[in-house]
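# An overview of the molecular structure
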Amino acid sequence: MSFNFLKKMPTPEEIKEELPLSAEAREVKKKRDREIADIITGADDRFLAIIGPCSADNEDAVLEYIERLSRVADKIKDAVLVVPRIYTNKPRTTGEGYKGIASQPDPMEKPDMIAGLKAMRHMHIRAISEFGMSAADEMLYPENWVYVNDLLSYVAIGARSVEDQHHRLTVSGFDVASGMKNPTSGDFSVMLNSVYAAQHPHHFTFAGYEVETSGNPLAHTILRGAVSKHGNTTQNYHYEDLIRLLSMYNDMDVVNPAAIIDANHSNSGKQFKQQIRIVHEVMHNRHFSSDIHSLVKGVMIESYLVEGNQKISDHTTYGQSITDACLGWEDTERLLYEMAEQA
């Protein structure tokens, strides 16, 4: 047979019992969920900064980053709500390469899915309990939701997953803000159809159950740029792109039209320093147009302790990405303060 069943995975209940979230931490997450929801719906005019490493590959380095981030977040909280990226699953275009701490707790060792689930929960719990920062993560595998639904305050659905029906239906059952990225082709209609699907109720099978969902009114778009048929990157964060997105939103039967701008990936052509310029253009367009100000709720930035990236080895630089290149801390701190001044 094609599958070699290695070992049975623990249930979500077993994992949560082994690694529980305290009552105090649950209240922190509940408050942050509400704050993010209010920004998406327009009840709160603050700006969202969803920021952090491309991949949360090392707990100590990620938590040091979040400790620094929390100090800046407290100073700019009246203008900007900071949500750390703790991305524990990484999509791989060819299926090869490091797939994230949830699959491979030690990048130098073989995959271990059970240890990965525990490492994923442990890192998220520490971020909430020690620094009051519930985080964002990409839901690469929809059924992972039941292992982390008590931890995440923001969920992203990636460019390669957004066309998948199972992802769309699963998001309709989430109770937190959920961003649907445009596909790698850049097609806005695909992205908006996924928002429509996620905002409406559905009946399907999930995690071994027949389920019904009520729809997620906090589902919204993330613009991450595109790749042409010739392999060239194209951007979609400019003024004209945002006006076009708003016009298309207005033709859809959805609520809370909102967009997050992903400043890296195809928008930057993976030139990580370009994220700084892109964020400033986004802030300028929000000031220039009241419609864009209402539509664009935040930005997504890839950032870590040390700028750039590196290959996986037994002598990696602490706090530097082993996947996509990221901004370093000095640029990150400066950019967050500049965003707060312009928000």
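The structure this text deals with has already been given above.
Read on for an overview of the structure. Per-chain numbering applies: the sequence of each chain, read as written, is numbered from 1 onward. The predicted origin of the model limits local features to residues at a pLDDT of at least 70 and limits the giving and counting of side-chain atom pairs to 80 or more, whereas totals for whole chains, interfaces and linings rest on all residues. Note that water and hydrogens are dropped before the side-chain values are worked out from all heavy atoms of the structure.

### Digging into the nonpolar core
In these notes, a set of buried Ala, Val, Leu, Ile, Met, Phe, Trp, Tyr and Cys residues joined through side-chain atoms within 4.5 Å is what counts as a nonpolar core. Relative accessibility thresholds used throughout: buried, under 20% of the residue-type maximum; exposed, over 50%; partly exposed, between the two (1.4 Å probe, protein chains only). Core analysis: the largest hydrophobic core is formed by 88 residues, its most contacted members being Val82, Leu245, Leu336 and Met339. Sort the elements by how many residues they give to this core and helix H3 (residues 59–75) lands first, with 8 residues. We call two residues in contact whenever any of their non-hydrogen atoms come within 4.5 Å of each other. When residues no more than four places from it in sequence are discounted, the contact partners of Val82 are Arg32, Ala49, Ile51, Leu69, Ala73, Ile76, Met133 and Leu336. One finds Leu48, Ala177, Leu218 and Ile260 within the second-largest nonpolar core, a separate group that totals 18 residues. Numbering of helices and strands starts at the N terminus; helices are DSSP runs of H or I of at least 4 residues and strands are runs of E of at least 2.

### Description of the pattern of salt bridges
A side-chain nitrogen of Lys or Arg and a carboxyl oxygen of Asp or Glu constitute a salt bridge if their distance falls within 4 Å. Throughout the structure, instances matching the rule amount to 19 salt bridges. The residue Lys29 makes a salt bridge to Asp33 at a minimum N-O spacing of 2.5 Å. Placement of the pair is Lys29 and Asp33 together in helix H2 (residues 23–41), with a separation of 4 residues, close to one helical turn. Of the two residues, Lys29 and Asp33, neither departs from the other in class, the shared state being buried. In this structure, Asp331 engages Arg334 in a salt bridge whose closest nitrogen and oxygen atoms are separated by 2.8 Å.

### Points about unusual backbone geometry
Even without being glycine, Ala207 reaches a positive phi, approximately 50 degrees. Examined against the element boundaries, Ala207 turns out to sit in the loop between strand S6 (202–206) and strand S7 (209–213). Given a relative accessible area of 30%, Ala207 falls into the partly exposed group.

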